[in-house]
Amino acid sequence: MASTRKPTYRPGTEPRPGSSRPGSGSDHVISAQRSLETEGNSVTAAGTSATGTSAASTASSDNVIVFPEPKRRRQRRLVMWTLSIVAAVVAALIAGAVFSPALAVRTITVDGTTLLTPEAVQKALSGLEGKPLPQVGEQEINELLKPLVQVRSATIEARPPSELLVHVNERVPVALLKQGDAYVMVDVDGVQLGATKDQSAVALPLIDAGAGATNTELFKAIAAVLDTLPADVRAKMSTASAASPDAVELKLVDGKTVVWGNAEDRELKAKALEALLKMPVDPKVQVSVYDVSVPRHPFTK
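Conventions used here
Residues numbered from 1 in each chain as written. Predicted model: local features only at pLDDT ≥ 70, side-chain atom pairs only at ≥ 80, totals over all residues. Heavy atoms only, no water. 1 Å grid on protein atoms, 1.4 Å probe; cavity = no way out; pocket = protein on both sides within 12 Å on 5 of 7 lines; lining within 4 Å. Points joined across faces, edges and corners; volume = space filled by probe spheres on them. Nonpolar A, V, L, I, M, F, W, Y, C, P; charged D, E, K, R; others polar. Core = buried A, V, L, I, M, F, W, Y, C linked by side-chain atoms within 4.5 Å. Buried < 20%, exposed > 50% of the residue type's maximum accessible area, 1.4 Å probe, protein only. Helix = DSSP H or I, 4+ residues; strand = E, 2+ residues; numbered from the N terminus. Contact = heavy atoms within 4.5 Å. Axes fitted to C-alpha atoms, helices over the stretch in contact; angles between N-to-C directions. Parallel < 35°, antiparallel > 145°, perpendicular 65-115°, else oblique. Left-handed = near helix turned anticlockwise from the far one by under 90°. Patch = residues over 30% accessible without salt bridge, like charges linked within 9 Å, V, L, I, M, F, W, Y side chains within 5 Å. Areas by Shrake-Rupley, 256 points an atom, 1.4 Å probe, with all protein chains shown as cover. Salt bridge = Lys/Arg side-chain N within 4 Å of Asp/Glu carboxyl O. Lys, Arg positive; Asp, Glu negative; His and termini not counted. Charge placed at Lys NZ, Arg CZ, Asp CG, Glu CD. Pairing = 2+ DSSP bridges.

### Observations regarding the layout of surface pockets
In this structure, the largest pocket occupies an estimated 250 Å³ of space. Lining of the largest pocket is provided by 13 residues; of these, P280, V281, D282, V287 and Y290 occupy positions nearest its centre. Looking at the lining of the largest pocket, its residues break down into nine nonpolar, two polar and two charged.

This is the structure:
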């Protein structure tokens, strides 16, 4: 790249012959010589300038003003740390409670049993003794009680430090079936809940032999009707039969007949029958039939 430096005027030591301008009277000559000193000085100045810039940059970095962290950010970080510590403590406490032998099951209390004795339920659940209360669940309870067919379901209530309360929901017997010399109690699903040899010892209606098979449509229709009746009304029934699923009839212990009809409007029919049975008895009017097949217009005859 061509130099842009201007020629410098330097005095000559020996004037060249014929080089002076006429009438100038000057002993100096014009020199176009490049000044190495000037160039060297420029390089030195450039280096000095770069060094100065670096030093200035370092000095400026050393003089950066550090602003304090905002108060809200500090508070937020403090809250996060506090929550983390609390969560860790709670987790440790829960883990200690779940596995602590201090909360082991030592007493099993049972309520809600009629067909079963509390001792029978306690025996079925005896394997839970020594297990921490927080580890006992209702699913496990119901699995252990499956061999007891009288139990429909069960719920539990933990009473620290060591008591487990079991609420039993038993199946409800709705009728008797004759099997040999015994009478078997069955629920609406046909599950056998117990047996007795004395029919009068159980206040339940006897389903006749024609509908005795629990997997037939006749049995299902009769059982559904008996299951709808209030317990005190069902206790007044002697027998239950059906010529078809749409022709269910009940017989009261006093010999009177209840014409029920089909399975529709069972709840309404049950209320109508209950109302008819509560009517005052008129000695002048002999009633032998209660007809609730049309529940909105029941009648006697």
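### Some remarks on the nonpolar core
Ranked by internal contacts, the top residues of the largest apolar core, which has 28 residues, are L226, L229, L250, W260 and L273. Within the residue set of this core, elements represented by two or more residues are strand 4 (175-179), strand 5 (182-186), helix 5 (217-228), strand 8 (237-242), strand 9 (248-252), strand 10 (257-261) and helix 7 (266-277). In terms of residue count, helix 5 provides more of this core than any other element does, six residues in total. Once residues within four sequence positions are removed from consideration, L250 is found in contact with V225, L226, L229, M237, T239, A240, K256, T257, V258 and W260. The next biggest cluster of nonpolar side chains, apart from the first, holds 17 residues, and it includes V105, I141, V166 and V168.

### Focus: the packing of helix 5 against helix 7
Relative orientation of the contacting elements helix 5 and helix 7 amounts to 55°, with a least axis distance of 9 Å. In terms of orientation, helix 5 lies oblique with respect to helix 7. Crossing handedness for the pair helix 5 and helix 7: right-handed. Residues A224, V225 and T228 of helix 5 touch helix 7, and the partners they reach there are R266, E267 and A270. Each residue belonging to the contact of helix 5 with helix 7 can be placed in one class, and the counts come to three nonpolar, one polar and two charged.

### Notes on a negative patch on the surface
A grouping of D246, E264, D265 and E267 is seen on the molecular surface, where their side chains present a negatively charged patch. Structurally, D246 is set in the loop between strand 8 and strand 9.

### Some remarks on the sheet that holds strand 2 (residues 151-159)
Spatially, the three strands line up as an open sheet ordered 1-3-2, and their pairing is mixed. Both outer strands of the open sheet, strand 1 (107-111) and strand 2, are each paired with one neighbouring strand and no more. The mean angle between the axes of side-by-side strands here comes to 25°, regardless of whether they run parallel or antiparallel. In terms of strand pairing, strand 2 meets strand 3 (residues 163-170) through eight bridges, oriented antiparallel. Each residue of the ladder has a partner; that of A158, found in strand 3, is L164.

### Regarding unusual backbone geometry
In this chain, P160 is followed by P161 through a cis amide linkage whose omega measures 10°. Looking at where P161 falls in the secondary structure, it is placed in the loop between strand 2 and strand 3.

### Focus on the pattern of salt bridges
Within the structure shown, the criterion is met by nine salt bridges. With a shortest N-O distance of 3.6 Å, E157 and R159 are connected by a salt bridge. The class for R159 is partly exposed, based on a relative accessible area of 38%. A salt bridge links K278 to E274; the shortest N-O distance between them is 3.5 Å. Look at E274 and you get partly exposed, because its relative accessible area is 22%. Through salt bridges with shared partners, a single ionic network connects R152, R171, D187 and D189.

### A word on the side chain of R234
Along the chain, the position of R234 falls in helix 6 (residues 231-234). One buried charge, R234, has no salt-bridge partner; the nearest side chain with opposite charge is D227, at 5.1 Å. Setting aside its immediate chain neighbours within four residues, R234 contacts V172, P173, V174, A203, L204, P205, L226, D227 and L229.

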